[in-house]
Amino acid sequence: MLVYLTKRLGLSAAVVAAVVLVLFSLLHLIPGDPATIALGPRATPEAIARYAEKMHLDEPIWVQFAIYVGNAVQGDLGLDVFSDRAVSAVIAERIGFTLALVVTAMGWAMLLGIPLGCLAAVRPNSWSDRIAGVLSVGTIAIPSFLVSIWALLVFAVELRWLPAIGAGEPGDPIDQLAHLVLPAFAVGLSWVGYLARMVRASMLEVMNEPFVRSARAFGLAPGTVVFGYALRVAILPTITLIGMGFGGLISSTVFAEIIFARPGLGKLIFDAVMARNFPVVQGAVLVATGLYVVVVLLSDILVAWLDPRVRESL
Amino acid sequence: MTKLTTTRRGFLASSVALGALGTLPGLGGAGAFAQTGSVLRLRLDGDNDVLDPGYMTGGTEIEAQKQCLPFLAEYSREGGSFGWKPTYFVETLVQRDPTHIDFTLAEGLTWSGGYGPVTAADVKFSYERMKESDWSGYFEAMERVDVTGERSGTIVLSKPFAPFVMITLCHGPGAILSEKAVTEAGGRFTTRFPAVCGPYTYETIPGQRAVFTANPDWTGPKPAFDRIEANVITEVKAAELAFEAGELDCTEVSADTLARYRADMPAGAEITVAGELQYMWMGMNTAHPKLQDVRVRRAIQHAVDVESILIGAYSGTTTKSNGIICPGLLGQREATKFYDYDPDEARALLAEAGASGLSLTLRTLNTQERLLAAQIIQANLGAVGIAVTVLPLDSGPFWEMGQESKGDTWKDLELWLMRFGTTPDPYEATSWFVSSQVGKWNWERWTSEEYDRLYEEGIAETDPDTRRAIYLRMQDIMEETGAYVWINHEPEAFVHTTAIDVVAAPSGELNYRRFGKA
């Protein structure tokens, strides 16, 4: 397990390093003078000079990269172009909202997706399987931004059952939960389908295993066989999918956070891109990447812990 | 003692259970977010990062400054024209002569936090400080402020500058700060006012909202609302939906939504247009070999059907432009003087110039409206025999393409769509086309001694009729070069409930303290 952990951590570090390099290069490949782009066409020469000095734009590109990496490993992601606040502090204010959204979205996707997959697998090619298949593919096919807009139009604008914008009153958890419902629904919907398909495929394999046949032969109730025996084994590949899903959901939150005007990492990145606030873009994408890598790493470790065969595969 | 252990089986069961817990929101219901009473709910298009008037970006920070800081003057509107009037922070504000503006502050104004009364020394500190700031351009004409008493003083200009009150004192840079509080704060501030003097105090929750609460120390007129919640909503479409969901009382609207609302206004809603201080045109590079013949440029002026652009790209929500001076400002032109839409005249001029088989490139920002406008122009010019290639650009390369300091693209510029915003005075709009701006912002690259002279005269002239004549003539000169096809003035439009009266600066900044209950 220790060897597996070491290899897996090394791979994760390499992914983060590659993302830092690519992100830095892409931002510096954008045509136009970074200071003019960031401060706008009418910025005074003094403001442009101040910005260039602050961002080390007068240094060679490799020096800029070395400064950025050196600072980043110490937790210093630079300063917000406009407010002069530490990017790390800005990100810290927002990340909790994104995590709450992602966890809630994935939570209800699991609650619906896993039973749906089981239902489909219990009677393959039956009507229930076909309906589950249609539901699964349908939820995967609909883009989350469309779901966001429809949910907003129906439940907030027309019916006025749920709030349309914001994250709720600070210090009022009930209000904050109410503000999570629509965005979490929009973000998590497609993962209902992914999870259902994955669980169905795994369950179909497991349901023919000898231990499931034995359980049936002993006369155990169908529910006990499915949820008490088969699902425990079939869920292993689903854990990896859930780990990857968290990464996918972080990017899906961009749409939901914009449409529902929720503060979060996605909206922060969007706003920073629109304002050409490059230090915030770099910092927020780096943190989002780090989150993704950590979650995937944790899910892989969990799977390896649950299934010893996986430890040998890396 | 009980020992907690984790088994793989237990872990799997817990995982599923935890996932289920994540689906429990939905408990609050709609009642939790609907607030009524003396609360006004608005939209901010982004966080206020720097409230300091010297270093702000110049958007919604100005809205915050207007609620929390004293100003000497504020905008007024009579009919379709913009003007100014003294605020309730002053007893008198008089332009004694072209270079002296006398003021006396109202009695009883005090700063929050125990920083004492608002004094003329604070005005001197605030305005002379601006001369060293990022917004120093607005104070270029100001020499100093003389303090003549605790509450009285004189603003001394170094030269006559007619728009000073309108574009400086009424605007964000004209905010007055507490010298003592700002000095104690280190000379600059970002997201927290060191001291306020106005109807509201200010708090912010980054990424979520700015909250303005009634200032208990305020002795001036009581505002109509006790609390303002300005929600950070980046996308205008999201704000429109929030308005329709009843969660905002007022928000800016986009051009297509404005058209939709005008055709079918939501119940209990109405539209207020703050101003139209943006001017858009298609420019032509008079120095480019293909466009050096004024007859070719005139032909292009005649060939473009501006009405089609207004309908096709802007859903009929914008005002047709006849020059760079915007509606409501001194010197706005009622009509073009040297061209109208006449494709036959365009063909005749092209034939006369011997310009057959002409092909040109039209560069534009890659936004929906501009691309639609560019495509309509492409079709218009195609109809008279000019092949146009539309080149959409991101804002980085777009804003640099005519500037000589940013590369050589200016040499290849032929046609482009451009929009500038301006202040509620004609001087700024005309400033970008003087001879010294060639290679900077005068991308059309023409020069005129008469235009340059009139620009200086217009700044110094205080007689409205003479100023109007100056700016009308300056636009004639521009149009006569053949280098401009005027397109439109986009409005700053707000949809709001009929229960409130909206007051906004001509450039669109809302002034909550002057809002009313209908």
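Just so we're clear, the structure is a prediction, and the values are computed from it rather than from any experiment.

(A) Quick peek at the overall build of chain B. Looking only at helices and strands, chain B features 16 helices and 21 strands. With respect to the three principal axes, the spread of C-alpha positions in chain B is 100 × 80 × 45 Å. Here chain B holds 518 residues, and 55% of them are scored as buried. Sequence separation of 24 or more characterises 69% of the internal contacts of chain B that already satisfy a separation of 6 or more. For chain B, the centre of its 46 positive side-chain charges and the centre of its 70 negative side-chain charges are spaced 5 Å apart.

(B) Layout of the sheet that holds strand β9 (residues 209-214) of chain B. Residue and element names in this part refer to chain B. In spatial order, the strands read β1-β10-β9-β8; together these four strands make up an open sheet with mixed pairing. A single partner strand is all that each edge strand has here, and the edge strands are β1 (39-44) and β8 (200-205). Averaged over all pairs of adjacent strands, the angle between their axes in this sheet comes to 20°, without regard to strand direction. Pairing geometry for β8 and β9, over six bridges, is antiparallel. Residue pairing for β9: T204 is matched across the bridge by A210.

(C) Geometry of the confidence of the model for chain A. On average, chain A scores 84 in pLDDT, and the residues at 70 or more come to 96%. For chain A, per-element mean pLDDT is lowest for helix α13 (residues 308-311) of chain A, which scores 68, and highest for helix α5 (residues 87-122) of chain A, which scores 91.

(D) Spatial organisation of unusual backbone geometry. Phi is positive for A261 of chain A, which is not a glycine, with a value near 50°. Within the secondary structure, A261 of chain A sits in the loop between α10 (222-259) and α11 (265-274). Given a relative accessible area of 3%, A261 of chain A falls into the buried group. In the Ramachandran plot, S315 of chain B falls in the positive-phi region, its phi being about 55° despite a non-glycine side chain.

(E) Expanded view of the pairing of strand β13 (residues 278-284) of chain B. All names here are of chain B. Counting buried residues in β13 gives seven out of seven residues, a clear majority hidden from the surface. Residues Q278, M280, M282 and M284 line one face of β13 and the alternating positions Y279, W281 and G283 line the opposite face, and both faces are buried. As judged from the seven bridges shared by β13 and strand β17 (residues 415-421), these two strands associate in the antiparallel manner. Paired with M284 across the bridge in β17 is L415. With four bridges joining them, β13 and strand β18 (residues 484-489) adopt antiparallel strand pairing. Within β18, the position partnered with M282 by the bridge is V485.

(F) The arrangement of the sheet that holds strand β6 (residues 142-147) of chain B in detail. Residue and element names in this part refer to chain B. Reading across from one edge, β4-β5-β7-β6 is the order of the four strands in this open sheet, with antiparallel pairing throughout. Because the sheet does not close on itself, it has two edges, and the strands there are β4 (90-97) and β6. Sheet twist, expressed as the average angle between the axes of neighbouring strands with direction ignored, equals 15°. Here strand β5 (residues 100-105) pairs with strand β7 (residues 152-157) via five bridges, running antiparallel. Of the residues in β7, the one forming a bridge with I101 is I155. Strands in contact with helix α3 (residues 120-130) are β5, β6 and β7; relative to β6, the strand with the most contacts, it is inclined by about 165°.

(G) Expanded view of the packing of α5 of chain A against helix α12 (residues 278-306) of chain A. Residue and element names in this part refer to chain A. In contact at an axis separation of 10 Å, α5 and α12 are set at 45° when each is read in the N-to-C sense. Between α5 and α12, the angle is such that the two are oblique. At the point where α5 passes α12, the crossing takes the right-handed sense. Packed against α5, whose contacting residues are V87, I91, I95 and L99, the element α12 presents P279, V280, G283, A284, V287 and L291 at the interface. Across the contact of α5 with α12, the residue classes tally to nine nonpolar, one polar and no charged.

(H) Structural detail: the environment of M56 of chain B. Residues and elements named next belong to chain B. Assignment of secondary structure puts M56 in the loop between β1 and α2 (60-68). For M56, a relative accessible area of 4% gives the class buried. On a C-alpha basis, the gap between M56 and F189 in space is 10.0 Å, while along the polypeptide they are 133 residues apart. Apart from residues lying up to four places away in sequence, M56 is in contact with V50, E61, I62, Q65, W135, G172 and P173.

(I) Structural detail: the pattern of salt bridges. Going through the model one piece at a time under the given rule, you end up with 36 salt bridges over all chains. The partner of D47 of chain B in a salt bridge is R94 of chain A, with the nearest N and O atoms 2.9 Å apart. In this pair, D47 of chain B is assigned in the loop between β1 and α2 and R94 of chain A in helix α5, connecting two distinct chains. Residue classification places R94 of chain A among the buried residues on the basis of a relative accessible area of 4%. With its nearest N and O atoms 2.9 Å apart, the salt bridge here joins R333 of chain B to D476 of chain B. Residue R333 of chain B is found in the loop between β14 (319-320) and α10 (343-353), and its partner D476 of chain B is found in helix α16 (residues 464-480); the two are separated by 143 residues along the sequence.

(J) Quick look at the side chain of Q437 of chain B. Residues and elements named next belong to chain B. Structurally, Q437 is set in the loop between α14 (426-431) and α15 (449-460). What makes Q437 buried here is its relative accessible area of 14%. Setting aside anything within four residues of it in sequence, one finds Q437 in contact with S431, W432 and N442.

(K) Structural detail: the environment of I101 of chain B. Positionally, I101 of chain B belongs in strand β5. In this view, I101 of chain B contacts L93, V94, Q95, G153, T154, I155, F164 and V165 of chain B; residues no more than four positions away in its chain are not counted.

(L) Here's a closer look at a nonpolar patch on the surface. Residue and element names in this part refer to chain A. Taken together, the side chains of I142, W150, L153, V154, L159 and W161 present a nonpolar region at the surface, about 550 Å² in accessible area. When you line up the elements, V154 lands in helix α7 (residues 144-158). Residue V154 is classed as partly exposed on the basis of its relative accessible area of 39%.

(M) Local environment of α7 of chain A. If you check α7 of chain A, its first and last C-alpha atoms are 20 Å apart, about what 15 residues at 1.5 Å a residue would give, namely 21 Å. Maximum bend of α7 of chain A: about 30°, positioned at L152 of chain A. For α7 of chain A, the full list of buried residues reads S144, V147, S148, A151, L152, A156 and V157 of chain A. At its buried positions, α7 of chain A is contacted by α8 (173-207) and α10 of chain A together with α6 (236-244) of chain B.

Scoring rules and cut-offs
Residues numbered from 1 in each chain as written. Chains lettered and ligands numbered in written order. Predicted model: local features only at pLDDT ≥ 70, side-chain atom pairs only at ≥ 80, totals over all residues. Heavy atoms only, no water. Helix = DSSP H or I, 4+ residues; strand = E, 2+ residues; numbered from the N terminus. Buried < 20%, exposed > 50% of the residue type's maximum accessible area, 1.4 Å probe, protein only. Contact = heavy atoms within 4.5 Å. Lys, Arg positive; Asp, Glu negative; His and termini not counted. Charge placed at Lys NZ, Arg CZ, Asp CG, Glu CD. Pairing = 2+ DSSP bridges. Axes fitted to C-alpha atoms, helices over the stretch in contact; angles between N-to-C directions. pLDDT = per-residue confidence, 0-100. Parallel < 35°, antiparallel > 145°, perpendicular 65-115°, else oblique. Left-handed = near helix turned anticlockwise from the far one by under 90°. Nonpolar A, V, L, I, M, F, W, Y, C, P; charged D, E, K, R; others polar. Salt bridge = Lys/Arg side-chain N within 4 Å of Asp/Glu carboxyl O. Patch = residues over 30% accessible without salt bridge, like charges linked within 9 Å, V, L, I, M, F, W, Y side chains within 5 Å. Areas by Shrake-Rupley, 256 points an atom, 1.4 Å probe, with all protein chains shown as cover. Expected span 1.5 Å × (residues − 1). Bend = angle between axes of the 7 residues up to and from the residue.

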